[in-house]
Amino acid sequence: MKQALRFWLPALSGMACLGLGAGLLGIYGFFVEPLSREFGVGVAVLNTGPVALLLVPGLVAPFVGRLADRLPIRRVILAGVTLAMLSLVAVSFAPSLAVAAACFVLFAVGVTGYGPVVINGLMVKVYPKREARALAIAAIGISLATATLPPAVGFLLETASWRGTLASLATVLLVLLWVVVLLGVPADAGAGLRQDSAGGSGFYRRGEFWLVGFCVALAFNVAIVLSICYPAHFMQSGYSAGEAGLILAFAGLCGLVGKSVIAWLGDASRHHARALVVGLLSLQVLGLALLLRGDGLALTLCAVGLFGFGGGAFIPMHPFLNSRYFDAAVISHVNGAQMPLFLPFGLLGAPLAGLSFDRTGSYDIALVWLAAALCAAILLTLRLPAGDARQSAA
């Protein structure tokens, strides 16, 4: 038991990093109203803040991924943790909204240093032939953070100001993450591979790079847009805000189950990664089709359950797919280099869905287009070579 725990300690550390990094997006909304009062700006202005968490990683991830393949990964993670948490402390002391926004951008840069690009690369390097299970274990951290951090932050805001809450939270997370990373991430993680990573960026010339990148970009951004559409869609369907929240909680629970299933299956399907991805995307298409029917609570729960399960299980598929076609020595660089492909869909998807709602009074047309985007992702996946193509590429 102790030996198994030691073996999976890096994966558990990755879980903590993703939960206390990318998972922090779930508490952003708690600070919107206090910041609006403090700086005298509208909520709509502050709601643009999460865009930084999409734009900044999209721009800096290629460079961070390259560093993670060339430097000891633990150093990269600790640098990202330090920059992110100190930036949040700086936000808590910001005298103006402009200063707070600049510090938040630095936070987004720091989170990229211990976000999916780096952590997923670490999982692939440390767990050869067990990538799927390790990636799924790490991805569970985001679900756990979504379930535990909001109540904690809500309690703190009842007893302290937003500035005190943010400074305390960032300080505690800084210490906690340093301890977790130092204990769980090997100092020499990937060291034996770095000497082979000098192959440059030749992966740009391979079709698999673009097929995986566009497939994942479509699927991830469909999930982002749908998370924005969900509340209004459910309330328009006759559910109260509280009922809509419970439906979303059910979707999140199904997402956690999806990640857990991938972790349980481990790498039994490692030679059938393409078929697994097609299956998960197809479940999401089916979920959207049922959501368009929208007749009754049972059908609605079935719809969000299918989409939540498929979407949650799909999260580890980005690095898992890349690990099938690219050497582990450059896996972080590949993951990061694909991030800019996410930007066009991410920046256009939500505004176009909002425009559709303004013109038609519902998200039905948007849901059809989201299903079409997932079908396009399926077609891209089917064009990937079957099996493990790394040897032929080498």
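Computed from a predicted structure; not experimentally measured.

Participant: A description of the overall build of the protein chain should follow, citing residues and the corresponding values.
Facilitator: A count of helices and strands for the protein chain gives 20 helices and zero strands. Taken against the 2.2 N^0.38 rule, which gives 21 Å for 394 residues, the C-alpha radius of gyration of the protein chain at 21 Å falls within 12% of a compact globule. For the protein chain, the spread of C-alpha atoms along the three principal axes comes to 55 × 50 × 40 Å. The buried share of the protein chain, taken over its 394 residues, is 51%. Just so you have it, the protein chain exposes about 17,200 Å², and 70% of that area is on carbon and sulfur atoms. Taking the average place of the 23 positive charges on the side chains of the protein chain and the average place of its 15 negative ones, the gap between the two points comes to 10 Å.

Participant: So, the packing of helix H6 (residues 73-92) against helix H7 (residues 97-113): which residues are in play, and what are the values?
Facilitator: Between H6 and H7, the least distance of the axes is 7 Å, while the angle of their chain directions is 160°. Taken as axis vectors, H6 and H7 run roughly antiparallel relative to one another. When you trace H6 past H7, the crossing you get is left-handed. Contact residues: Val76, Ile77, Gly80, Val81, Leu83, Ala84, Met85, Ser87, Leu88, Ala90 and Val91 in H6; Ala100, Cys103, Phe104, Leu106, Phe107, Val109, Gly110, Val111 and Gly113 in H7.

Participant: How would you summarise a nonpolar patch on the surface if you had to cite specific residues and measurements?
Facilitator: Taken together, Val51, Leu55, Leu347, Leu348, Leu352 and Leu355 make up a surface patch of nonpolar side chains, about 490 Å² in accessible area. A per-element tally of the nonpolar patch places helix H18 (residues 342-360) first, with four residues. Turning to its location among the elements, Leu355 is positioned in helix H18.

Participant: Now, about the pattern of salt bridges: what can you tell me, with residues and values included?
Facilitator: A side chain with one charge can pair with a side chain of the opposite charge if their charged atoms come near. Counted according to the given criterion, the structure contains five salt bridges. Note that Lys125 and Asp69 form a salt bridge whose closest N and O atoms lie 2.8 Å from each other. Here the residue Lys125 occupies a position in helix H8 (residues 116-126), and Asp69 occupies one in helix H5 (residues 52-70), the gap between them amounting to 56 residues.

Participant: Any details on H8? Residues and values, ideally.
Facilitator: Burial runs high along H8: nine of the 11 residues are buried. Burial in H8 covers these residues: Val117, Val118, Ile119, Asn120, Gly121, Leu122, Met123, Val124 and Lys125.

Participant: Describe the nonpolar core, naming the residues involved and giving the relevant values.
Facilitator: Counting residues in hydrophobic clusters, the biggest one holds 120 residues, and the most contacted among them are Ile77, Met85, Tyr114, Met123, Leu281 and Leu288. Tallying contributions element by element places helix H12 (residues 207-236) first for this core, with 14 residues. Filtering out sequence-adjacent residues up to four positions away, Ile77 remains in contact with Cys17, Gly113, Tyr114, Val118, Ile119, Leu122, Val181 and Val185.

Participant: How would you sum up the packing of aromatic side chains? Please name residues and give values.
Facilitator: Evaluation of the coordinates by the stated rule reveals 17 aromatic pairs. With 5.9 Å between their ring centres and 80° between their planes, Phe220 and Phe342 make a pair best called edge-to-face. Of this pair, Phe220 sits in helix H12 while Phe342 sits in helix H18, and the two are 122 residues apart along the sequence. Residue classification places Phe342 among the buried residues on the basis of a relative accessible area of 7%. The structure contains a cluster of three or more aromatic residues connected by ring pairs, namely Phe203, Tyr204, Phe209, Trp210, Phe214, Phe326 and Phe345.

Participant: Please set out the confidence of the model for the protein chain residue by residue, giving values where relevant.
Facilitator: Residue-level pLDDT values for the protein chain average 85, and 92% of them are 70 or greater. Per-residue pLDDT stays below 50 along residues 194-199; that stretch engages in nine contacts with residues further than four places along the chain or on separate chains.

Participant: Lay out the state of the cysteines with the relevant residues and their values.
Facilitator: Scanning the entire structure with this criterion turns up zero disulfides. Residue Cys254 stays outside any disulfide, its sulfur separated by 9.4 Å from that of Cys302, the closest cysteine. Since its relative accessible area comes to 14%, Cys254 is described here as buried. Here Cys302 falls in the partly exposed class, since its relative accessible area comes to 38%.

Participant: How would you summarise the environment of Pro34 if you had to cite specific residues and measurements?
Facilitator: With respect to the helices, strands and loops of the structure, Pro34 is situated in helix H3 (residues 32-39). Taking the C-alpha atoms as reference, Pro34 lies 37 Å from Val185; in sequence the two are 151 residues apart.

Participant: Outline the side chain of Thr112, supporting the account with residue identities and numerical values.
Facilitator: For Thr112, the position within the fold is in helix H7. What makes Thr112 buried here is its relative accessible area of 6%. Aside from chain neighbours lying at most four places away, what touches Thr112 is Pro57, Val60, Ala61, Val64 and Val118.

Participant: So what about helix H16 (residues 317-325)? Which residues, and what values?
Facilitator: Within an α-helix, residues lying three or four positions from one another point in the same direction, as the helix has 3.6 residues per turn. Across the nine residues that make up H16, a large majority, nine, are buried. Three or more residues of H16 are buried, namely Met317, His318, Pro319, Phe320, Leu321, Asn322, Ser323, Arg324 and Tyr325.

Participant: Can you tell me about the packing of H5 against H8, naming the residues and giving the values?
Facilitator: The interhelical angle for the contact between H5 and H8, taken along N-to-C directions, is 30°, at an axis separation of 9 Å. When the axes of H5 and H8 are compared, the pair comes out roughly parallel. The chirality of how H5 crosses H8 is right-handed. Between H5 and H8, the contacting residues are Ala61, Val64, Gly65, Ala68 and Asp69 on the first element and Val117, Val118 and Lys125 on the second. Each residue belonging to the contact of H5 with H8 can be placed in one class, and the counts come to five nonpolar, one polar and two charged.

Participant: Describe the environment of Leu276, naming the residues involved and giving the relevant values.
Facilitator: Inspection of the secondary structure assignment puts Leu276 in helix H14 (residues 273-293). Its relative accessible area of 18% is what places Leu276 among the buried residues. Linking Leu276 and Phe314, residues 38 residues apart in sequence, is a C-alpha distance of 9.1 Å.

Rules and cut-offs
Sequence order sets the numbering: in each chain, residues are counted from 1 along the sequence as written. Given that the model is predicted, a residue must reach a pLDDT of at least 70 before its local features are reported, and side-chain atom pairs must reach 80 or more before they are shown or counted; all residues, however, enter totals for whole chains, interfaces and linings. Each side-chain value is derived from all of the structure's non-hydrogen atoms; neither hydrogens nor water enter the calculation. Numbering of helices and strands starts at the N terminus; helices are DSSP runs of H or I of at least 4 residues and strands are runs of E of at least 2. Taken over C-alpha atoms, the radius of gyration is set against a globule rule of 2.2 Å times the number of residues to the power 0.38. Remark: exposure states derive from per-residue accessible area (1.4 Å probe, protein chains only) relative to the maximum for the residue type, with buried under 20%, exposed over 50%, and partly exposed in between. Surface accessibility in these figures is a Shrake-Rupley result with a 1.4 Å probe; residues are shielded only by whichever protein chains are displayed. The charge count treats Lys and Arg as positive and Asp and Glu as negative. His and the chain ends do not count. One atom stands in for each charge, and that atom is NZ of Lys, CZ of Arg, CG of Asp or CD of Glu. Note on method: axes are straight lines fitted to C-alpha atoms, helices fitted across the in-contact stretch only, with angles between N-to-C directions ranging 0 to 180 degrees. Here roughly perpendicular refers to angles of 65 to 115 degrees, roughly parallel to angles under 35, roughly antiparallel to angles over 145, and oblique to all remaining angles. Note: crossing handedness is left-handed where the near helix turns anticlockwise from the far helix by less than a right angle, and right-handed where it turns clockwise. Any pair of residues with heavy atoms lying within 4.5 Å of one another is described as a contacting pair. Distance thresholds for patches are 9 Å for like charges and 5 Å for nonpolar side chains (Val, Leu, Ile, Met, Phe, Trp, Tyr), applied to residues having over 30% relative accessible area and no salt bridge. By salt bridge we mean one thing: a side-chain nitrogen of Lys or Arg within 4 Å of a carboxyl oxygen of Asp or Glu. Here, nonpolar core refers to any group of buried Ala, Val, Leu, Ile, Met, Phe, Trp, Tyr and Cys residues whose side-chain atoms link them within 4.5 Å. In this scheme Phe, Tyr and Trp rings, the latter by its six-membered ring, pair at centre separations within 6.5 Å, and the angle between planes marks the pair as stacked below 30 degrees, edge-to-face above 60, and tilted otherwise. In predicted models, pLDDT denotes the confidence assigned by the predictor to each residue on a 0 to 100 scale. The criterion for a disulfide is a pair of cysteine sulfur atoms lying within 2.5 Å. Gly counts as polar in this scheme, as do all residues outside two lists: the nonpolar Ala, Val, Leu, Ile, Met, Phe, Trp, Tyr, Cys and Pro, and the charged Asp, Glu, Lys and Arg.

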